[in-house]
Structures are given as C-alpha cells and as structure tokens.
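Coordinates in review
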Amino acid sequence: MTERPAPLADPHLSRPADAPDGAAPADGPRDIVILGSTGSIGTQAVDVVLSNPDRFRVTGLSAAGGRVELLAEQAHRLDVATVAVSDPARAGGLREALRARYGAGRPLPEVLAGPEAAAELAASECHTVLNGITGSIGLRPTLAALAAGRALALANKESLIVGGPLVRALARPGQIVPVDSEHSALFQALMGGARTEVRRLLVTASGGPFRGRTREELADVTPAAALAHPTWAMGPVITVNSATLVNKGLEVIEAHLLYDIPFERIEVVVHPQSYIHSMVEFTDGSTLAQCGPPDMRLPIALGLGWPHRVPEAGPVFDWSKAMSWEFFPLDEKAFPAVPLACHVGALGGTAPAVFNAANEECVEAFLSGRLPFNGIVDTVAAVVGEHGTPRGTDLTLEEVLDAEDWARARARELAARAARTASGTDAADSTGSTGSAGSTVTAEARA
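No experiment lies behind these values; they were computed from the predicted model shown.

**Focus: the pairing of strand β5 (residues 128-131)**
Here β5 shows no split at all, with Thr128 and Leu130 on one side and Val129 and Asn131 on the other all buried. Direction of pairing for strand β1 (residues 30-35) relative to β5: parallel, over a ladder of four bridges. Residue pairing across strands places Val33 opposite Val129, the latter belonging to β5. Of the strand pairs in this sheet, β5 and strand β6 (residues 151-154) are connected by four bridges, and their pairing is parallel. Paired with Leu130 across the two strands is Ala153, which belongs to β6. Each parallel crossover has a hand, and the one from β5 via helix α5 (residues 139-147) to β6 is right-handed.

**Regarding unusual backbone geometry**
Looking along the chain, the bond that leaves Trp306 and enters Pro307 is cis, with omega of 15°. By the element assignment, Pro307 lies in the loop between α12 (297-305) and β12 (328-329). Of note in this structure, Asp260 is not a glycine but carries a positive phi near 55°. Within the secondary structure layout, Asp260 lies in the loop between α11 (246-259) and β9 (266-270).

**Remarks on helix α8 (residues 181-189)**
A large share of α8 lies buried, amounting to nine of its nine residues. Of the residues making up α8, those classed as buried are Ser181, Glu182, His183, Ser184, Ala185, Leu186, Phe187, Gln188 and Ala189.

**Digging into the sheet that holds β9**
Judged by pairing direction, the sheet is mixed, and its five strands sit side by side in the order β11-β10-β8-β9-β12 without closing on themselves. Two strands in the sheet have a free side with no partner beyond their single neighbour: β11 (287-291) and β12.

**Things to note about the sheet that holds β6**
The seven strands lie next to each other as β4-β3-β2-β1-β5-β6-β7, forming an open sheet whose pairing is parallel. In this open sheet, the two edge strands, each paired with only one partner strand, are β4 (110-113) and β7 (176-178). The average angle at which neighbouring strand axes cross in this sheet is 20°, direction not considered. Lying on the sheet, α5 is in contact with β1, β5, β6 and β7; it crosses β6 at an angle near 150°.

**Concerning the packing of aromatic side chains**
Throughout the structure, instances matching the rule amount to eight aromatic pairs. Taking 5.1 Å as the distance between ring centres and 70° as the angle between the ring planes, the aromatic pair formed by Phe317 and Trp319 counts as edge-to-face. Here the aromatic rings of Phe366 and Phe373 are separated by 5.7 Å at their centres, their planes lie at 70°, and the arrangement is edge-to-face. Using a relative accessible area of 3% as the deciding quantity, one classes Phe373 as buried. Clustering of aromatic rings is evident, with ring pairs tying together Tyr275, Phe317, Trp319 and Trp325.

**Observations regarding the environment of Leu302**
Within the secondary structure, Leu302 sits in helix α12. The class for Leu302 is buried, based on a relative accessible area of 3%. Separated by 124 residues in sequence, Leu302 and Pro178 place their C-alpha atoms 8.9 Å apart. Beyond its immediate chain neighbours, meaning those up to four positions away, Leu302 contacts Val177, Ser184, Gln188, His308 and Arg309.

**Structural notes on the packing of helix α1 (residues 40-51) against α12**
Contact pair α1 / α12: the axes reach a minimum separation of 9 Å and the direction vectors enclose 65°. Taken together, the axis directions place α1 and α12 in an arrangement best described as roughly perpendicular. The interaxial crossing formed by α1 with α12 has right-handed handedness. Contact residues: Ile41, Gln44, Ala45, Val48 and Val49 in α1; Arg297, Ile300, Ala301 and Leu304 in α12. Class assignment for the residues of the contact of α1 with α12 results in seven nonpolar, one polar and one charged.

**Regarding the pattern of salt bridges**
Taken as a whole and judged by the stated rule, the model has 19 salt bridges. With a shortest N-O distance of 3.7 Å, Arg150 and Glu125 are connected by a salt bridge. Here Glu125 lies in the loop between α4 (117-122) and β5 and Arg150 lies in the loop between α5 and β6, a separation of 25 residues in the sequence. Residue classification places Arg150 among the buried residues on the basis of a relative accessible area of 12%. Linked by salt bridges that have partners in common, Arg199, Arg200, Glu267 and Glu281 make up one network.

Calculation criteria
- Residues numbered from 1 in each chain as written.
- Predicted model: local features only at pLDDT ≥ 70, side-chain atom pairs only at ≥ 80, totals over all residues.
- Heavy atoms only, no water.
- Buried < 20%, exposed > 50% of the residue type's maximum accessible area, 1.4 Å probe, protein only.
- Helix = DSSP H or I, 4+ residues; strand = E, 2+ residues; numbered from the N terminus.
- Pairing = 2+ DSSP bridges.
- Right-handed = clockwise from strand over helix to strand, strands pointing away.
- Axes fitted to C-alpha atoms, helices over the stretch in contact; angles between N-to-C directions.
- Contact = heavy atoms within 4.5 Å.
- Phe/Tyr/Trp six-rings, centres within 6.5 Å; stacked < 30°, edge-to-face > 60°.
- Parallel < 35°, antiparallel > 145°, perpendicular 65-115°, else oblique.
- Left-handed = near helix turned anticlockwise from the far one by under 90°.
- Nonpolar A, V, L, I, M, F, W, Y, C, P; charged D, E, K, R; others polar.
- Salt bridge = Lys/Arg side-chain N within 4 Å of Asp/Glu carboxyl O.

Below, the structure written as structure tokens:
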C-alpha cells in the first residue's frame, strides 16, 4: 500500500516552541516579514504586531507599490530594515514618501524594487514570513520563504493552488500555518483528533451578497452590487470571488492540499452569519467547530505566533445576548464555481493555475463592464475545458507560468468575444472555435 503524503499543514506538528505557556519569547520578539502589507491582511497584521511589541518585530515589508504613503507610514511606525515594491516605477515615490515620514538626517530603510523584490525579502533573515499578497504572483515569495527555511504564515491561497506540487516539494513538516479564516479554523479543529479519525472537512461560506438568488436572477448583477460583501471587508478581486463563490472553490482546493483530504470528503456549507469559520467531522460522529466574530486578526495572530496563541488577538462573543446561527446547502446550479474547482483540483497539474489565472482576468473584465456576472465562471469553465487534462503532475515553475499566460490570454479573448456578442458586433473567433464563453471545448492540454 502506498503511504499517504504528509499534510502540508498539521497542528500536531510544530516548530520548536520558543516560549513556554504562551508567554512572550525570553530572547526578545519574533522577527516577522509581512508581504502585501498595504492590503487587507497586511494592514491587520500590522495592527497585531503593534498591539504585541513584546512578541513580534517586523524586519521587512513588501507591497505592489500603489500606496507608497501607507507603506512609508508602516515602515516608520514599525522601524523596519527593508521595504520592497514589485513595481520598480514606484521606487522613487516610495523613497520620497519615506524621506517625508522619517525627516532629514535619519537613515532610511533599504528599498528593494522589481518583480523579484518580494521573493528576495521572503528569503531574508527572519523567523516567520506572512504572505498576504493577493493572486498567483505570491507563488515565488512562498517558494523563496520555504526554501530559506522560514516559517510561513500563508494567507496567499493562490500560490498553494497554482503551485501545489512545487510547494509540497519544498515545505518541511510544520513549516506552513494557514491564515485564511476557514483553513485556520480547520487547523484548530483538527487538533481534536488523529488524522485517521477525520471523516469530513466542512468549509463554511457566507454565501456572499447574492445568497438565495437563482442563476437567472444573477444575470444582471452589477460590479457595485458584487463588491458589497455582507460580512468581510476585502480587496475587489477577493470580494468578487466571494460573490461568485470562486473563492470558496479555491478554498476547497487549498483544504485538499493542506490536509490531504480527498475532494469527496470536503463539503461547503452556507452559513450567512460567518460565526463558524469551518468544522471537522470525525469518524465517531462528533463535529468540532471553530467559531468567533468575523475578524481576521485572530487567524493572523495564530499564524504569526504558532505554536502559541496571542492573548486578546480578536473580539469575542457576548454570550449573554441571544444569537441565531443558520446553515444551508450550497446551490451548485446558481454557483457552479465550487464543483468546477473540485474538478480542476482533481485534474491537478497546471489545471488549478489555469482556473485561477482565467478567473483573475474574468474578474477584471467584469469590473470594467466587459463581462456579465454569470460570464465570469462560464468563461473560466470554457478556458479550463480547452486546457483539457494535464499530462503530468511533476511541475516546474516555468510550466505553471506558461499555463497561466495561456489561460489569461484565452480568457481575454473569450471575454472580448462575449462583449462583441452583447453589442451585436461579434465576429468569428480567431481560433476557429465555435464554442461560446459558457461552453466547454476540448483541446490538447497545455501541460
């Protein structure tokens, strides 16, 4: 019998504890690098660090570069040694913002700039790297942190999804601690039993702003409506992904990769209040749930502090007040992204990278008014269909990036054709394909 691979995240395995009983480390704060520091995860991570100066010290920050004033403010408040921006054109503006914040005569942090800057920072000397970057551009920093032996607090689910085999080849036991609220919840609930005792993973979903609508009722959804998430405050891409439930599909793939549970034993349950963040059902029939008010500071703090909990990391329930918690099955006809993601995850290889890259392009097309809401997942399904069945699972980074490039280009082509059809100016597709953006077209696999 072939031995099952070790899960990428296992709460029963931890790096050597550096503080007894949850106390602050005796030898000083733990050095942290925050990637994506100006985004939703990053700004909340900064809050956690500033609230716990005896536990954490930030040595480096990275961001895309669109908010250099905020990045400079964070660097000054945290007194970091290095700041990185992925857009080299923003380096000059960042230095100006740093000089304005620090004042004349004070030395500035080192500034790294360019597409490899975040990966360079991820490999720098520190204890833990928090990868809060949005999108598959987080893959290189994830691999760099793992290769350098850093503990990885992983909020960038896309890097695991598109590069799962690459991550598995590098990660050591106990090196990855998940930061997504759902996967942090599963991580905590899995402490309650042995790996062989797990029957199912139950991943909860708020249902997004359109819970209860039929597919037909989703046809005229606007970007403004899709960006109005009922529970979480997130960036535009993740918020739209939550509206289509693509984000939940990505989370199912991530749960499969993190915990090595087959897709048929991972179920999505709609829970509008977002109080229970996910559950684990064990073979004896018991179910353990991790719950708390919807606040990302708790999973962030757990990721940074593991194997210890950080006191007062997040808010708690007022149990003296009545509350109602609801659960509903997922409507897979109205929201087909989850079953599509399970199919893609089972295919493996470069298929998840194609799924994710095509979706990112389709979300951009939707937000700019070039693709209807239902067209997002329809177009992703068409691109996945054209990609076909991957020829193997032993991936290289170059193969993943090539598959992403192809998927982005094809998604743009299909979105543009959908826009021409909507305006009545459709022309024959340049590839000669007769399928629509919502069809599944079989073609030779790209990897």
